[in-house]
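What the coordinates show
Residue strings, one per chain:
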Amino acid sequence: MIKEELLSIFPERLQRVLLWAVPDWENLQEIRLRCGKSIVLVQGRKKVEPEQGGKVVSQREFREVLEYISRYSLYAFEEEIKKGYLTIPGGHRIGVAGKVIMEGNTVKTMRSISFLNVRVCHERRGCSDNVLPYLFEKGRFLSTLIVSPPGAGKTTLLRDFVRNLADGSRYAQAMTVAVIDERSEIAGCYQGIPGKDVGQHCDVLDACGKAEGIPMMLRSMAPEIIAVDEIGEDRDFDALSMALTSGCGLLATVHGSSLRHLYEKNAVARILSSGMFERIILLGKDLSNWIQAIYDGRGEVVDP
């Protein structure tokens, strides 16, 4: 499925390059295009520049990729491009760079786009199974924060937690989960329908900011758990606090390499110091030691 989703946005020659160069699509992390330069792949954390017979990505090929991407939604293309990325079916996020057009202090649009980074969205069903028991205490869900350096799979783990919670498990019956999917990466919605498995009892608010989306879901969907990706702004604290005072559990992610690193970020330190998260899961980039540690809300390691 990933293979077909990605190939559909590339012209014929680049499709051939990818078909030859990618032995394992489930291990592909990024596809980077720079106009006038060779295509670069990130596979298993390693950068690979496939042999292209001396050819580089031409302006015509680059333009074709942009045309294929924008066909998914012209409106989304214009609106999301202001944020520096666009999400396509399957939850794959395409970062863009080029000439930025400003209107006062606000980004109006982007022109002369010449750089693309296709970040591949992976779905690994069952990757949260072994960690799920740590999220419960006497049958009660414990609000959980996933801490991870970029590219270590925090969104993948978050998505599988959502699926497990929304479908139910031997640790708890199915719970109503509300996902505020700001970058369309968790559920991978296309025309409002999730492309990823987020469970039976899950509702998704797509392409909406956390601070705006959490109050909306609290008012409209009466969730038991609210799930969000990449917290870290000051206004996230107020929205998360509102969810907690409404009786909701929290499931969130944040960029970081250690708890010490998080306390160096003012907004995140405020969130951690509040005690709103009762479990903190630290991820690493080494897949053989992916779950590096699990802490309680005080930063103490939770014994297996």
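What comes next is a walk through the structure. Bear in mind that the values here come from a model prediction, so they are computed numbers and not experimental data.

Rules of the game
Residues numbered from 1 in each chain as written. Predicted model: local features only at pLDDT ≥ 70, side-chain atom pairs only at ≥ 80, totals over all residues. Heavy atoms only, no water. Helix = DSSP H or I, 4+ residues; strand = E, 2+ residues; numbered from the N terminus. Buried < 20%, exposed > 50% of the residue type's maximum accessible area, 1.4 Å probe, protein only. Polar contact = N/O pair within 3.5 Å; in protein donor to acceptor, adjacent residues only side chain to side chain. Contact = heavy atoms within 4.5 Å. Axes fitted to C-alpha atoms, helices over the stretch in contact; angles between N-to-C directions. Parallel < 35°, antiparallel > 145°, perpendicular 65-115°, else oblique. Nonpolar A, V, L, I, M, F, W, Y, C, P; charged D, E, K, R; others polar.

1. Digging into the side chain of Arg13
Take Arg13: it is sitting in helix 2 (residues 12-21). For Arg13, a relative accessible area of 14% translates into the label buried. Looking at Arg13, its side chain comes within polar contact range of the side chain of Glu61, at 2.6 Å. Every residue in contact with Arg13, bar those within four places of it in the chain, is listed here: Gln52, Lys55, Val56, Val57 and Glu61.

2. Considering the side chain of His92
Within the secondary structure layout, His92 lies in strand 5 (residues 92-103). Using a relative accessible area of 0% as the deciding quantity, one classes His92 as buried. Among the polar contacts listed, one links the side chain of His92 to the backbone nitrogen of Cys121, at a separation of 2.9 Å. The contacts of His92, once residues within four sequence positions are left out, are Ile2, Glu5, Leu6, Leu86, Thr87, Arg119, Val120 and Cys121.

3. Remarks on the packing of helix 7 (residues 234-245) against helix 9 (residues 266-273)
Taken N-terminus to C-terminus, the directions of helix 7 and helix 9 make an angle of 25 degrees; their axes are 8 Å apart at the nearest point. Between helix 7 and helix 9, the interaxial angle falls into the category roughly parallel. Residue-level contacts link Asp234, Phe237, Asp238 and Leu240 of helix 7 to Ala267, Arg270 and Ile271 of helix 9. Residues of the contact of helix 7 with helix 9, tallied by class, amount to 4 nonpolar, no polar and 3 charged.

Purely spatial values, then, with no claim about function.
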